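Structural description and commentary
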Amino acid sequence: MNLAVIGTGYVGLVTGACLADVGNRVTCVDRDPAKLATLQAGRIPIHEPGLDAVVARNVAAERLSFTDDLTAAVRHADLVFIAVGTPPREDGSADLAHVLAAARAIAQAVERDLVVVVKSTVPVGTCDKVRDTIRAELRARGLDVRVAVASNPEFLKEGNAVDDFQRPDRIVIGTDDDQALRLLRALYAPYNRNRDRLIDMDVRSSEFTKYASNAMLATRISFMNELAQLAEKLGADIEQVRHGTGADPRIGPHFIYAGAGYGGSCFPKDVQALTHMADEQGLEAPLLRSVQAVNTRQKRVLFDKVSGFLRDRLAGSTIALWGLAFKPNTDDVREAPALELVRALLAAGAKVRAYDPVAAENARKEIDSPDLEIVERAHDACVGADVLVVITEWREFKSPDFRWLASTLRQPAVFDGRNLYDPEFVESCGLRYFGIGRRPANAAASVAR
Ligand SMILES: NC(=O)c1ccc[n+]([C@@H]2O[C@H](COP(=O)([O-])OP(=O)(O)OC[C@H]3O[C@@H](n4cnc5c(N)ncnc54)[C@H](O)[C@@H]3O)[C@@H](O)[C@H]2O)c1
């Protein structure tokens, strides 16, 4: 098929490249000249494992191209994806300006029947708005073509996006148009061979499914984070509790890790947007509000632990920080707990020496302070630092040389924001250990003497 993908970010670029990889001809459209220049020069503007190879081979095969010419891209397309951003507005609602601008531009360009697929995460009812926008524009042009609008939310995870796209656990399509459904079934057939992963439903349910999924995942995280705080007070270890709880198949082991709070470009904004949808309907959403409140509190936990340990030595100290991205294998720092921690530490008069394998440049764009030094190696962050905080679970942080850390850090302590380490082992190496909801290494034994 001939496809156009509007918006060449994490979702649009992966979608375009992967759909080209199975034989479609894809034109990716973006209005950001810097991004386009990077892509046209054969480089990838984001860090996403495996994506560079997929893009390179499809550009070479002339199945994938990049342009700012939306009109030409749409005129050649059987199917157009909208994959632009839907950032949060001040009141928490999703900003649909980019989606509706794309819809208008499509309607101004189209010359024959077309299916428009909304891949961006959009509030329930947005596809109807897209349809109405297109309809109004076609009427104004006096053009009699059939443009169907379908919802097809994206469930890929940054850091594993190519694999997620190529091996999806589900493909959700929301449409009441048989022709659109047939076309999308055909498009996704290569990913749907060994079992049917395509779930078709009505448009509104499809839009809602994306929010329901992210809200559920965020809820599990906040639930465990709330329990982690209680576990600490009660002398229980949330890691052991996690194992014991996740063994129940009704609960399962995924997404029940306590940590430094969720971040990223999706969970915070999507839970907010869902809460806003409830508000608009006059419905209270106490659970969704609590999920956010717990997360806001959790993002502060590491700062409280560090300042509780260093007390009046915090101002003027140097904190080594491992990880800036909101999670491993991505350079995305949107809403990253690490950035919030850096800001709090700087505000308290500390200096931060941070390391992240790929997110340094993006972090630097967010926080420009002489007191934030971003170094090239994990090791360099620790030399001359007082304590170490680990906040993103990159693989290279999983087994550090604790004895070296104990001899290097000036006030040897490790703050483990992802519960990566064994508290007893870390302490046996001569460091103080602070995790999230962990039982202290020297907790009382259960034998009465
Ligand atoms: N990032 C994720 O992991 C993820 C996962 C699933 C769903 N989503 C959803 O997908 C959507 C896109 O997310 P993203 O992370 O890829 O965003 P992004 O910010 O990385 O990319 C959006 C791109 O759209 C471009 N754009 C905006 N308006 C445009 C227009 N009118 N014409 C052409 N280009 C335009 C921007 O320049 C930018 O390159 C959002 O709704 C998001 O919630 C994201």
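Our structure is the block above this text.
Here is a short report on the structure shown in this document.

**Describing the pattern of salt bridges**
- Applying the stated rule across the entire model yields 30 salt bridges.
- Across the salt bridge formed by Arg185 and Asp196, the nearest N and O atoms sit 3.8 Å from each other. Pair noted here: Arg185 is in helix H8 (residues 178–188) and Asp196 is in the loop between H8 and strand E8 (198–201), with a separation of eleven residues, a long-range link.
- Judged by its relative accessible area of 33%, Arg185 is partly exposed.
- A salt bridge links Lys269 to Asp270; its shortest N-O distance comes to 2.8 Å.
- Given the relative accessible area of 13%, Lys269 is considered buried.
- What emerges from the salt-bridge pattern is a single network uniting Asp128, Arg131, Asp132 and Arg204.

**Things to note about the packing of aromatic side chains**
- Going through the model one piece at a time under the given rule, you end up with twelve aromatic pairs.
- For the pair Phe309 and Phe415, a centre-to-centre distance of 5.9 Å together with 65 degrees between the ring planes defines the contact as edge-to-face. Here Phe415 lies in strand E13 (residues 413–416) and Phe309 lies in helix H13 (residues 301–310), a separation of 106 residues in the sequence.
- Judged by relative accessible area, Phe415 falls into the buried class, the value being 0%.
- Positioned above the aromatic ring of Phe155, the side-chain terminus of Arg170 is 3.8 Å from the ring centre.

About the cut-offs
- Residues numbered from 1 in each chain as written.
- Predicted model: local features only at pLDDT ≥ 70, side-chain atom pairs only at ≥ 80, totals over all residues.
- Heavy atoms only, no water.
- Salt bridge = Lys/Arg side-chain N within 4 Å of Asp/Glu carboxyl O.
- Helix = DSSP H or I, 4+ residues; strand = E, 2+ residues; numbered from the N terminus.
- Buried < 20%, exposed > 50% of the residue type's maximum accessible area, 1.4 Å probe, protein only.
- Phe/Tyr/Trp six-rings, centres within 6.5 Å; stacked < 30°, edge-to-face > 60°.
- Lys NZ or Arg CZ within 6 Å of the ring centre and 35° of its normal.

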